[in-house]
Each structure stands twice: as structure tokens, then as C-alpha cells.
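# Secondary and tertiary structure notes
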Amino acid sequence: MRRTSELAGFRCGAMTEQARELVKRGQNDKALARYYKSLKLAQQLAKKDPADFRPVHQQGIIWRDLGGMYLIAADYQRAIEALDECEQICDELKGRYGVDSGRLLAGVRVERSMVLVQVGHGASAVLTMDAALNDYQVALAGQSKEMSLVLFPALVSNAVVLHVRGDPHLAVASANRGWRGYLACRDAQNWDVGAMEQAGMGASHVLAISGRLADALEADKAVIEALEASGSPAHRQRLAAALATTALHLQATGREDYREEAAACLARSHALDTTAAGDAAAEWESAKSAEQPVTLAAALDTAAKLLHREQLPTGLPATFTSPPDTVVSPSGRCSLELAPRYAAQLASAATALLPVARREGLRLALEAHYLFAIAFRYDPKAPQLDSGLRWARLVVECCRILTVAPDDLPLQADLALQNLGLIEKLLPMVPGHSSATSTGHVVASDVLRGCLTQHADLLIEASQPDLARRFTQTAATIGSTQ
């Protein structure tokens, strides 16, 4: 019987690999059928031998892959549902079998972050990706080759997310480290042309739109060389897109000596696939026309010009003002012990800056939010009530500013939901709440009730009454201090 189970397990893994190949070829319907057939077999194997964790782990892998597949298809609800299934399996592996599934969980978080940024929940996306990178570093410690093949593409995904709602300085550093690192692994056994293409193109986009055209063109060249070396007809469309992107980046430099090369790339791109070439041009034009995010360094400079000295952060290390290329995520700016201190300083400056410089104030506020959240993630005893109240009020001010721009309403809802989670953790410390301890401050109940009420009002203004109701219901659980 064990021999039969092992053969079935091998067949299950083989079907999963076949599904991945079908996805690479763009045959998503066939891939979906193969994934679900593999999933059904893994579930049957788990039922036959409940003591064997391997079929359960295989289910997690399949759900993670399905999440990524639904992400590519822009079916974000199903992507989230698949990733939720995988996270539940990770919990089961740890709780029931004592199996560490850190690498699988990190992969799920990368996919989830990419889904979140697509639906406008950029703050959650940044924090989820930050956690994923830390998970990878822990899970793959000492496994240099394995770490490289999964971590470097994740760094490019991180760059894409940071470019939307993070510090562009960190996005550029992450993009460069990601694509260059993966290219350097090309002699590794499981190195993949498709992964190189995705890493290179993703990094190129972030680098080019950030004004780092020389770096972007290096990434473009690496992508083209990898696709050409593969010799696969299936890569024809991707090669056309890469050539068109290269042409556009060459033109963007404004250099006369690049004109002939740009024209040649563009002509070759259209000869391969006119549609892919046109799509690449449209994407580039759209990216150029979009408002570019503000760096933390630029936001701090603006604050120094507009605020009083006592309102400015003091003693910020270079990782905040001029981050080196080794810093690729918010948690890399400082130690976890110092994160609440720097977060509080940025929060104070952000609150003063938001009314007079919206974009720069939001940059400071979001960076403060990330540091508060990271500190809390790694120390569940945090935040202390005082810092928690400061954090909660900061998020309310962010949401107030975000209400004026329709494109920012998804981020407003994202931050509001995160703040609801924070406030629910603070409530047990507050007198007047049913589960309060004796260490809270009476004024805290008024502050938190006020935060909840303001969130509800802002969400109603943003035509989200169902979400607003959750905040009013929570506010009603806080007793009056009158």
C-alpha cells in the first residue's frame, strides 16, 4: 500500500509540474483542469493516510500556484480565496504535523501582496511583502542557491509594490538587486528563462519610470538575451514586448547615438508581434503620464522647508534620509527595537505636513505606519497604549486626506481596516470596554471612539456604508467616560 501511495504522490507532483508548463504556454484552461485534478488526488491521498504530511503540503503548493494563476488572469477574488486556502494548510502543517512551511508561506505572501496592490490596497501590500522577504530569509538561511532562485524574483515583486505605495528609493534598490541577482544564478539547475523574463521586465519598468534608464536598459538586454538563447517559439510574443520596451527606453534617454538601435529594436519587435509591440508602447505611455511617488528623502526635505524645527524628526539614520542599496524594505531601515521611536517622529511630522503638502505628508505618514506595523508584527506585546493611540490617529488623518481623491479610496479602505484591527487590540487596555485591563487611561476611550466614528463618517462619504457599519458597531462597545 505504501508503494501505491508513493506512486500516486509522484503522479500528483508530476501533474502539478505539467500544469505549470501549461501556464507558461498561456494554456490556462488546460492548466486549471490539471491543477484541480492534482488537488483532488492530493486530497484523496491525505484522507487515506492522515499521518503523512506530504499530500497536505502538496495541496498547499497547488493552492499557491492557483493563487498566482488567478492573479495573472486578474481574477483577484479567486486568487485571494486560493491563497487563503494555502495559508490554512500552512497552519495545519505546523499545528498538526510540526512541519515548518516558512518557504511556502513566504511564497503565498508574495502572491497575496501582488493581488493587494492590484486592488488598491497598497499599504497592506507593502507590509505583506515585507513579511514575505523576512520569511524567505529565515526559511532559506544557509541554502544559498535555493535562496537565490526564489528570493531574487521576490525582490522584483517587492520593487513593483514599493513603487506604487512605498519609497521609490527602496523600490529601485530592490529591483536592481533582484534582476541582477537572478541573472547571476543562470548556471543553477532550476534557473528559468520565464522567471528571468518576468524579473527583468518588472525591474526594467520600475527602474525606467524612476529615471534609472541605464539600469533599465541593462535589464532589458538581459531579458532579450535570455529569450533569444532559449530558442523557444513560445517566447516570440515576450521577445517582441522586450524589444519594444528596449526601444522605448533607448528613445527616452534622448541620446542621438541610440536612435538607430532604437529604430532597429522597434522594427524587429513589430515584425515578431505587432500587438505585443503596441501593448508595450501603451504601457510605457501610461506609466510616464502617471504621477510619480515621492521619496522619503524628498518628503523630509519638504518638511524641513515648511515646518518648525520642533516638528521635525531628529537623529534619523542614513537608512531614512539616504538609504544604501542594501535597504530594500521598510523593516531594513532600523532595528525592531528602534522602529516605534522613529515611527513616532515621522508620525508627528506627517500630521503637521499633511494639511500643507499632501503628497509629502502621505509619504511620511505611510512610512510611519509601516514602522509601527512592523514593530507590532514582531512584538505582539506592542504597541503600548500611548504609541498605539498616536498610530491610530495618524491613520485617521491619512484617510481624511485620501478621501479627496477618488483613485485613493481603495487605499483609504485598506488603511481603515488595518486601523480597525489595531483599535480592537488596543481596546482591552481601555477602561469602559468590557475586556479592559486596569492599566488604561480614561482619555483613550474617547480617542479610540473618535477614531472609529471619524472612519465611519469618511467611509460613508466614500459610499461604503457596509464597511462604515463595522466601525460604528465597534465604537458602540466602548463605554462613555462622561
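Overview of the structure.

Criteria and thresholds
Residues numbered from 1 in each chain as written. Predicted model: local features only at pLDDT ≥ 70, side-chain atom pairs only at ≥ 80, totals over all residues. Heavy atoms only, no water. Helix = DSSP H or I, 4+ residues; strand = E, 2+ residues; numbered from the N terminus. Buried < 20%, exposed > 50% of the residue type's maximum accessible area, 1.4 Å probe, protein only. Contact = heavy atoms within 4.5 Å. Areas by Shrake-Rupley, 256 points an atom, 1.4 Å probe, with all protein chains shown as cover. Lys, Arg positive; Asp, Glu negative; His and termini not counted. Charge placed at Lys NZ, Arg CZ, Asp CG, Glu CD. Salt bridge = Lys/Arg side-chain N within 4 Å of Asp/Glu carboxyl O.

## Considerations on the overall build of the chain
Looking only at helices and strands, the chain features 21 helices and zero strands. Taken along the three principal axes of its C-alpha coordinates, the chain extends 75 × 70 × 45 Å. Within the chain, the proportion of its 482 residues that are buried is 52%. Put simply, 68% of the contacts in the chain that link residues at least 6 apart link residues at least 24 apart. Working note: accessible area of the chain is about 22600 Å², and carbon and sulfur atoms make up 52% of it. The distance from the centre of the 49 positive side-chain charges to the centre of the 54 negative ones in the chain is 5 Å.

## Quick notes on the side chain of Asp414
With respect to the element layout, Asp414 can be found in helix 19 (residues 409-426). This buried residue, Asp414, is left without a salt bridge; Arg165 holds the nearest opposite charge, at 7.6 Å. Here Asp414 is in contact with His121, Gly122, Ala123 and Ser124, once residues within four sequence places are set aside.

## Comments concerning the pattern of salt bridges
Pairing is possible between side chains that carry opposite charge, provided their charged atoms lie close to one another. Under the defined criterion, the tally for this structure stands at 29 salt bridges. Here Asp65 and Arg64 are joined by a salt bridge, their closest N and O atoms 3.2 Å apart. Of the residues examined, Asp65 reaches a relative accessible area of 12% and is grouped as buried. In this structure, Arg212 engages Asp215 in a salt bridge whose closest nitrogen and oxygen atoms are separated by 2.9 Å. Connected through salt bridges with shared partners, the residues Glu17, Arg20, Arg64 and Asp65 form a single ionic network.

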